[in-house]
Amino acid sequence: MRRFIDALQAVAAGHQPADREKKHSSVPLYKLLEAPKFEPSNREEELKLWQDWKFLLTNWLSLLDASYRTELRELENKESKVDLFEMDEETRDRSEQLFAVLSGLLKNRPLNVLRNLGVTDEDNENNGFEVFRLLSRDNEPVLRSRGLAMLDQIINFEMKKGTMMSDQILDL
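Keep in mind that what you see is a predicted model, and the values were worked out from it rather than measured.

Participant: Before we go on, may I ask you to explain the overall build of the protein in this structure?
Facilitator: A count of helices and strands for the protein gives 10 helices and zero strands. Helices (α) and strands (β) of the protein occur, in sequence order from the N terminus, as α-α-α-α-α-α-α-α-α-α. Classification of the 172 residues of the protein by burial places 28% in the buried group. In the protein, the share of contacts with a sequence separation of at least 24, taken over all contacts with a separation of at least 6, comes to 70%.

Participant: Please explain the packing of aromatic side chains as it appears in this structure.
Facilitator: Aromatic ring pairs are reported here in terms of the distance separating the ring centres and the angle at which the planes meet. Under the criterion given, the structure shown has five aromatic pairs. Plain terms: the ring middles of Phe38 and Trp53 are 4.7 Å apart, the flat faces sit at 25° to each other, and that makes the pair stacked. You can see Phe38 sitting in the loop between helix H3 (29-32) and helix H4 (43-64) and its partner Trp53 sitting in helix H4, a full 15 residues away along the chain. Trp53 matches Phe38 in its accessibility class, with the two residues each being buried. Ring-pair connections join several aromatic residues into one group, and the members of that group are Phe38, Trp50, Trp53 and Phe132.

Participant: Can you walk me through the pattern of salt bridges in this structure?
Facilitator: Proximity of charged atoms lets side chains of opposite charge pair with each other. Under the criterion given, the structure shown has nine salt bridges. As a salt-bridge pair, Glu140 and Lys54 come within 2.8 Å of each other at their nearest N and O atoms. In this pair, Glu140 sits in the loop between helix H8 (128-139) and helix H9 (144-155) while Lys54 sits in helix H4, placing the two residues 86 residues apart along the sequence. Given a relative accessible area of 24%, Glu140 falls into the partly exposed group.

Participant: Help me out: how do you make sense of the side chain of Arg94 in this one?
Facilitator: Along the chain, Arg94 falls in helix H6 (residues 89-105). One polar contact links Arg94 to Glu71, side chain to side chain, over a distance of 2.6 Å. Excluding residues within four positions of it along the chain, Arg94 makes contact with Asp65, Ser67, Tyr68, Glu71 and Phe129.

Participant: Any chance you could explain a negative patch on the surface here in plain terms?
Facilitator: Taken together, Asp88, Glu89, Glu90, Asp93 and Glu96 make up a surface patch of like negative charges. Judged by relative accessible area, Glu90 falls into the exposed class, the value being 59%.

Participant: Where do I start with unusual backbone geometry in this structure?
Facilitator: In this structure, Asn108 takes a positive phi of about 60° despite not being glycine. Along the chain, the position of Asn108 falls in the loop between H6 and helix H7 (109-120). Given a relative accessible area of 42%, Asn108 falls into the partly exposed group. Phi is positive for Asn126, close to 70°, though the residue is something other than glycine. Inspection of the secondary structure assignment puts Asn126 in the loop between H7 and H8.

Participant: What is the right way to read a nonpolar patch on the surface from this model?
Facilitator: There is a patch of nonpolar side chains on the surface, built from Leu148, Leu151, Ile154 and Ile155 and spanning about 390 Å² of accessible area. Relative to the elements of secondary structure, Ile155 occurs in helix H9.

Participant: I keep staring at helix H5 (residues 67-76) and nothing clicks. Help me out?
Facilitator: Three or more residues of H5 are buried, namely Tyr68, Glu71, Leu72 and Leu75. Taken around the axis of H5, the buried residues stretch over an arc of 95°, which confines them to a single face. Next to the buried residues of H5 lie H4, H6 and H8.

Participant: Whenever I open this one, H6 confuses me. Can you help?
Facilitator: The periodicity of an α-helix, 3.6 residues per turn, causes residues three or four places apart in sequence to face the same way. Here H6 is 17 residues long and its end C-alpha atoms lie 24 Å apart, about the 24 Å a rise of 1.5 Å per residue gives. Among the residues of H6, Thr91, Arg94, Ser95, Leu98, Phe99, Val101, Leu102 and Leu105 are the ones counted as buried. Where H6 begins, one side-chain oxygen reaches toward the backbone nitrogen of Glu90, 3.1 Å away; that side chain belongs to Asp88.

Thresholds, definitions, all that
- Residues numbered from 1 in each chain as written.
- Predicted model: local features only at pLDDT ≥ 70, side-chain atom pairs only at ≥ 80, totals over all residues.
- Heavy atoms only, no water.
- Helix = DSSP H or I, 4+ residues; strand = E, 2+ residues; numbered from the N terminus.
- Buried < 20%, exposed > 50% of the residue type's maximum accessible area, 1.4 Å probe, protein only.
- Contact = heavy atoms within 4.5 Å.
- Phe/Tyr/Trp six-rings, centres within 6.5 Å; stacked < 30°, edge-to-face > 60°.
- Salt bridge = Lys/Arg side-chain N within 4 Å of Asp/Glu carboxyl O.
- Polar contact = N/O pair within 3.5 Å; in protein donor to acceptor, adjacent residues only side chain to side chain.
- Patch = residues over 30% accessible without salt bridge, like charges linked within 9 Å, V, L, I, M, F, W, Y side chains within 5 Å.
- Areas by Shrake-Rupley, 256 points an atom, 1.4 Å probe, with all protein chains shown as cover.
- Lys, Arg positive; Asp, Glu negative; His and termini not counted.
- Charge placed at Lys NZ, Arg CZ, Asp CG, Glu CD.
- Arc of directions from axis to C-beta.
- Expected span 1.5 Å × (residues − 1).

As structure tokens, this is what we get:
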């Protein structure tokens, strides 16, 4: 009975019993989830995989810092280059952190975009936000020719037997 009273007093005082604290882990979620890799083997595959990878990356990065979500969304429509020296210190740190993360997640042509950034613009070396902007621009062009190519895929769509229609549409 005495233990019960002590437990009630602990709850009333806002303390949790030690046994309960041991059961909960304080491991950050980003350590439990693997960062998504972007390894397209060709340009067509890159265009096809971009939207899904961008979604996964944005969500994984938001586990590190919620600011990534809004910053990456703003970059998608930015026409001019992102300059490290125009950023406040926290944003610059996130951009450099993103550059380091992307260097481990990108392969093939996307990795070349990352590598070439420091070569073509030494002032913006290690600028992850600029790499993301360039990849977004390349994989989500607003050009008429890209729109026509997508329309051509839809018009020339052929149903395949033995495969669900929804799967075939998602493959476009």
